[in-house]
Structure formats: C-alpha cells, structure tokens
Amino acid sequence: MKKNYENEIQSLLLKMTIEEKVGQLQQCGPSLVGAFDVSFEELVNMVFDGRISKADFQIMMSTAKQDFREEDLRAGKIGSYNGLNDAKKANELQKIAVTETRLGIPLLFGYDVIHGYRTVTPIPLAESCAWEPELWKKTARISAEEATAGGVHMTFAPMVDVAKDARWGRISEGAGEDVLLSSIYGTAKVKGFQGDDLTKEDAMVACVKHFTGYGAAEAGKDYNRVDMSMQRLFEEYLPPFEACIKAGARAVMPAFNDINGIPCTVNSWLLTDVLRSEWGFDGMTISDANAIAECVTHGIAANLADAAKQAIEAGLDMDMTSNVYSETLAELIANGDVEEQVLDRAVVDILRIKFELGLFERPYRTSEEREKAAILKPAYRSLAREAAEKSIVLLKNDNVLPLKNGVKLGLMGELANNREEMTGAWAIKADGQDCVSLVDACKAQGINFIYMAEDTVIPEECDVYVAAIGEFKNQSGEAASRASIELPTEQIDLLKRLIETGKPVIAVLFNGRPLAIPWVANNVHAIVEAWHPGVEAGNAILNILFGIINPSAKLTTTFPYSSGQCPVYYAHINTCRPGGKSKFTSKYLDTPLAPVYPFGYGLSYTTFLYSDLQVRKEQEGIRVSVKVRNTGNRDGTEIIQCYIRDIVAKRVRPVKQLVDFTKIPLQAGVESEVVFLVPYQAMGYYDMSMNYVIEEGEFEIFVGGNSVDCLSSRFWL
C-alpha cells in the first residue's frame, strides 16, 4: 500500500517562502560554457545547417564545461535537474540541496531513458513488434537499474503517442499505430521503470508522454497542430495514457502540440478535468522542454508572464528549462494575478513525488561504485540481444533464409559496419563503441564474409549478398519528420547491382519508421526488418539470418506503398465508397489499394495454419476460440491476433480493431487451441453526445496472423 505523505507535505509547505515554492517548480538543464559563444541550441543548429562540421562540434563539446547554477541551487531556486547522468555530480548537487539550502529539500533528477540507458535496447517501435509485455517490462527494469545507478530519479518515458503517420519522426519512440497495443506497452513500461516500490534505489518515476494527440500532428510534421473530434481523441489517443495512470505512473508530460486550438501545455481541460478529475491522477506534471515559453509563439499567450499564469492555472506543475516560472511567478502572485493556493497545489504535487521516492530519508540513492557495477552487465546485454531478436521482423523470404553454415557473405552498405548507428534516436547515454555491428558479429563468429562499401566493385565470389540499407539514426526521432520516406536512390542502385549478379540478395533494413519499399519488396529475395536494434544488433541479426533464432516479430505499424499514402493504418473506416477497382472509389490513381506490408504482418521459418474459428456469447463477453497448427518442419512462435468490427452503428466504425492478442510457441506439427474472451466493454464507442455506448447488433470477429489474413465469423450482440 502506498504511504500517505500529506501531513509531512503540508508541514513543509507552511515553512516555505514564495521564492522557495517557485524554486521547487524549476527544472534546470545544465548549460555548456567555455568552448563557444553561442547557446547549445544554436550550436546544434549550426551543425544541422552546415556552418560547422560534426567533427568541430565534437571538439567543442569535449572542451566545454557544464554550469549547474550552484548559487541558484543554494538560494532554493532549483527543485530539479534534467540531463544529469553522473552519480558523483548528482550526489554533489544533492548535498548542496539537503545541507546548504534553508529547508534541505532534496533534488529530483530527470533524464530521457527511452530505450535503455547505457545498455541500449531496440527502439520502442521495434520492441513493440515483439508483442510481449513481459519483455517490455524486463527491458524497462534494466533501464531503471542502470539509470538510477547514474543518479536518475525520473525518466521521460514511456511515450505512448499512437502514431499512424510514418512521416512523423517520433513514431520511433512508441508502440506504433494501435491503441490497444500502445496501452499494453505503456503499462508494461511503467511497471518496469517504477518497480513495486518507489523508495527502492533501483526504482524511477515513469513520466508518461506526450499528453496528448502528438502522434496525430498534421501532415506528420513535428510540433504541428492536432485538430480532431472528441470521440476520436477518447477512442484512439487517450486510452494509452489512462492505462498508464491506472498502472501507477507518477508523472505526466503534456505535448508540444495544441488540441483543437489549445496547446496542451496550458490546456486546463486536459491537465485538470481529464487527468485529475476524471482519472484521479495525483502525481506531478512537467512541461516538455521550453514548452511554456513557446506558448507565446503558439499565439495563445501575450508574453512569458501570461504563459506562466495560463500554464500553472491549467495544472502544469514543473517548468522544464524555460525559466518562465522562476522569472515571473513570484511577481504574478505578489500582484494578485495568480493565487498562492494555485502555486501551493503545484508544489504539493512535486513534493509528493520526492517523498514517494524516499528522497527526504535517503537523498543519496547511488554511489560511484554502484554506478560502475551496474553498467552493461552481461545479463543486460543478453536481454538486449533477446529483445532485438524478438523485434526483428522477417518481411520476405524466397527460400533464401535461413542461411546455411559455410556460406560466403558479401556485406554491403555503411550501416553494416557502423556501430554508432545501431542505437537509434533518443539513446542519449549510449556509447556507440558498446555496440556490435553486423561486421563485428561476423568477425567474432567466424563467418566467411567480405565487407565492401557501396561504391566499390561487387565481389563475385560471394554466395549471398546482404545489403544494409535504410535510415541513419538522425533521420528519425524528434525534429526528424520526412516528406519522403522512400529509400535513397543510391541504395536502390546498390540493390540493382547486386541483383544483376544472379545471386540471392537479402536486404537488412535499419530504420526508425516504416519505409515505402515497394521496389525492394518486389525484387530482392529476402527482407529482414532490423530497425535500430541496440547494443547487440549484429549478434541478433546473425542469429536470425542463420536460423539460430526463428523470427517471430510482427509489425505494429503499416508499411505504405509511397509517402503520399500517409497516414495509412489498418483501423480505418470504409467511407461511403470503399477503395476498389471502380473509378469512383476512395483510392489513389498511382498506388495500389493495399500497403506493402500490413499491420500485424511478419514471417517465420515455419508456417502456421488457422482453423475452426468458434464464437459464442458468455456472461463477461464474447468467447473466441481458434485452432493453430505449426505446419512446418521446425519449432516456431506465433502471435495470434483477434480483431472486431461493429457492422452497423450510429457512428461509422473501423473495418477492424485489435481487441486481444497472444503469443504462443508451437513445436513442428503441433496444434493448439487458442481462446480469447473479448469483454463487451471493448465493443463500444462514444456517441455524438460523448456517451460510451455498447449497442445491440451484428459484429464480426477476425482471428489470424496479421490484420489482413484472418478467419472471420459474424455474431449478434
């Protein structure tokens, strides 16, 4: 049972000055000084637009020093730090907070631990393709063990933004396009990060983001507007957040975007009415970086003081690095523009988290010795490899895979030999030298191979060619939206040259989003979707290629035929004229109706046959059973998916909605019966008055190995 700290909090609050209260709301990011005369943000822009080289940037960074504003800390003006990943420095700053400030209130250290700390696991979009909640929980747990050893108290994760537009760069940070899968993923991550007791030294607060609708940014462009019906918001975008709150998440970060014209940062309906009043959340909220100040740019606040007033009155507790609260709140309260009780509410939320973490009793939760011992343990690397193996999706296989021992490989492409690129986006504590590239793995395992760059002569003596293609890690993630998600011309040209040899060609994709690859799908012999797989990348890929591991992953995001199809996703409505061969139907003239690869799709080195679908009504819901047989000659694991459709309703419903799934191992030749119980609650929707209704009528159940190839049966509710 969670301990109640309200008496201690109120006692402390009575001792605090206005300035000390405002200080608790300030999260400070250490600034870099000494090496350059511009801000760090401008320095990044200079690299981005080519004014300085990446090499020059690294030199500047190596000679820079961090300014932690210790004098402000001593004055009680800082309650939290962002971006600190060093146990020694964390303890130094914490000592100042607890021994040199008037009230001795401990600091809260936040950090982006998105998919691993030092032991980097596959990007979330990749790991979601494992369809395995227990795995998601385990990888979050090792992230927490490592990160807390480095001084971290709170991670800005999980990201549970449902993302249906492959152009959006941050699709890489979440579980893809489905609301149910995102909810289950987020729940597992929250439990893994936080553990069963936040006072334990290896537990860290999960800050769920980005609340809400960020994955629906118009045109897939980062930070862009979101305008949608309340019904769609509550059915498709809010449920993962509510699931995380029910799982115990103690912090929430509002999104950069607006919802129907009101930025989430200052959206009282979102942060107070929904989050706190409807869902009962009593944790803390924290802005995204600089988001309060950017409400002026949004055009909803006249100036920084106005932005601060709107944000804190909306229910936003902590200001991440914009300094807006620290610069304006005390004066706003002195002038009577903001009531002190509004400030008190925010302070209470933050203090509650510090008490729940046990920071008042034990402010120093780590040591340099613990930090050193916790990093990159062999067991962590082993789990990272397992996660990568379970995340790699076999998209195509024309009897090429698995490879036979003794085969001579021709490895092509920079990504086959670039350790740094294996981590993917948002792995800020990563060290690329920790990673195993495909070339590294081949060397270590004694594989007979030749590695060549793209612009060299193709070695003819190879038996099979493996082309490492896709995206570099900076081509996905935040501020990495792309209007074109096709492969670059030079990669297609490389594949064409390899195919001309007449030898089998395997494309291994490294990417942080679905790519439009129709030519590749039609022409190469095998496609292995590796994503950005983390520190054990090369070993995991080789295990898949040589059949040591039988691939089982399935896509959690649709692969479009072209960029112009985006957003494309499986749970669409039919419209009045569903796409078809006739002219006057909903389609593009220049692309096929179907995507290249649908949601839920993924191959194995064995095959599975579905039969005997049975559906019947029971008291709690619909009982769905199906028989699944492994019809191949080797053992395998199948992800069985259950979808539902409401045939006729007062609001048009999606053609399919995922309502359950399970993952089972099956030995060769063995058949197993799989049973789902679909609760009646899962069959409802929000009507035009925002009432959640479950109507009588005809429904259809689908069960299969992906969202397209399913058995189906209709029933009446």
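Further up the page is the structure itself.
Right, let's walk through the structure included here. (Residues numbered from 1 in each chain as written. Predicted model: local features only at pLDDT ≥ 70, side-chain atom pairs only at ≥ 80, totals over all residues. Heavy atoms only, no water.)

1. Overview of the sheet that holds strand β11 (residues 284-285)
Just so we agree on the cut-off: Pairing between two strands requires that DSSP report at least two bridges joining them. In DSSP terms, a helix is any run of H or I states spanning at least four residues, a strand is any run of E spanning at least two, and both are numbered starting from the N terminus. When checking whether two residues touch, look at their non-hydrogen atoms; a contact exists if any pair is within 4.5 Å. To define axes, lines are fitted to C-alpha atoms, for helices over the stretch in contact only, and angles between the resulting N-to-C directions are given on a 0 to 180 degree scale.
Taken in spatial order, the 8 strands make up an open sheet running β11-β8-β7-β6-β5-β4-β1-β12, and their pairing is parallel. In this open sheet, the two edge strands, each paired with only one partner strand, are β11 and β12 (319-320). As paired strands, strand β8 (residues 251-254) and β11 are joined by 2 bridges and run parallel to one another. Within β11, the position partnered with valine 252 by the bridge is threonine 285. The sheet contacts of helix α12 (residues 268-278) involve β7 (205-211), β8 and β11, and relative to β7 the element is tilted by about 130°.

2. What to know about the sheet that holds strand β22 (residues 657-666)
The 4 strands lie next to each other as β22-β21-β26-β27, forming an open sheet whose pairing is antiparallel. With partners counted over all chains shown, the strands left at the sheet margins are β22 and β27 (710-716), one partner each. Adjacent strand axes in the sheet meet at a mean angle of 20° when their direction is disregarded. As judged from the 7 bridges shared by strand β26 (residues 698-704) and β27, these two strands associate in the antiparallel manner. Bridge pairing in β27 places isoleucine 701 opposite serine 713.

3. Here's the deal with the pattern of salt bridges
Where charged atoms from two side chains of opposite charge approach closely, those side chains can pair. Operational definition: The term salt bridge refers to a side-chain nitrogen of Lys or Arg lying within 4 Å of a carboxyl oxygen of Asp or Glu. With a 1.4 Å probe rolled over the protein chains alone, any residue whose accessible area is under 20% of its type maximum counts as buried; one over 50% counts as exposed, and the rest are partly exposed.
Applying the stated criterion to the full structure yields 53 salt bridges. With a shortest N-O distance of 3.7 Å, glutamate 536 and arginine 385 are connected by a salt bridge. With glutamate 536 in the loop between β18 (526-529) and α22 (537-545) and arginine 385 in helix α18 (residues 378-391), this residue pair connects regions lying 151 residues apart in the sequence. Residue glutamate 536 is classed as buried on the basis of its relative accessible area of 5%. Where arginine 714 meets glutamate 698, a salt bridge forms, and the shortest distance between an N and an O atom there is 3.5 Å. Here arginine 714 is found in strand β27, whereas its partner glutamate 698 is found in strand β26, with 16 residues between them in sequence. With relative accessibility at 47%, the residue arginine 714 sits in the partly exposed group. In this structure glutamate 698 comes out as partly exposed when scored by relative accessible area, which is 22%. A network of salt bridges, in which partner residues are shared, links Glu6, Arg276, Asp317, Arg345, Asp349 and Arg352.

It is worth stressing that arrangement in space is one thing and function is another; only the former is reported here.
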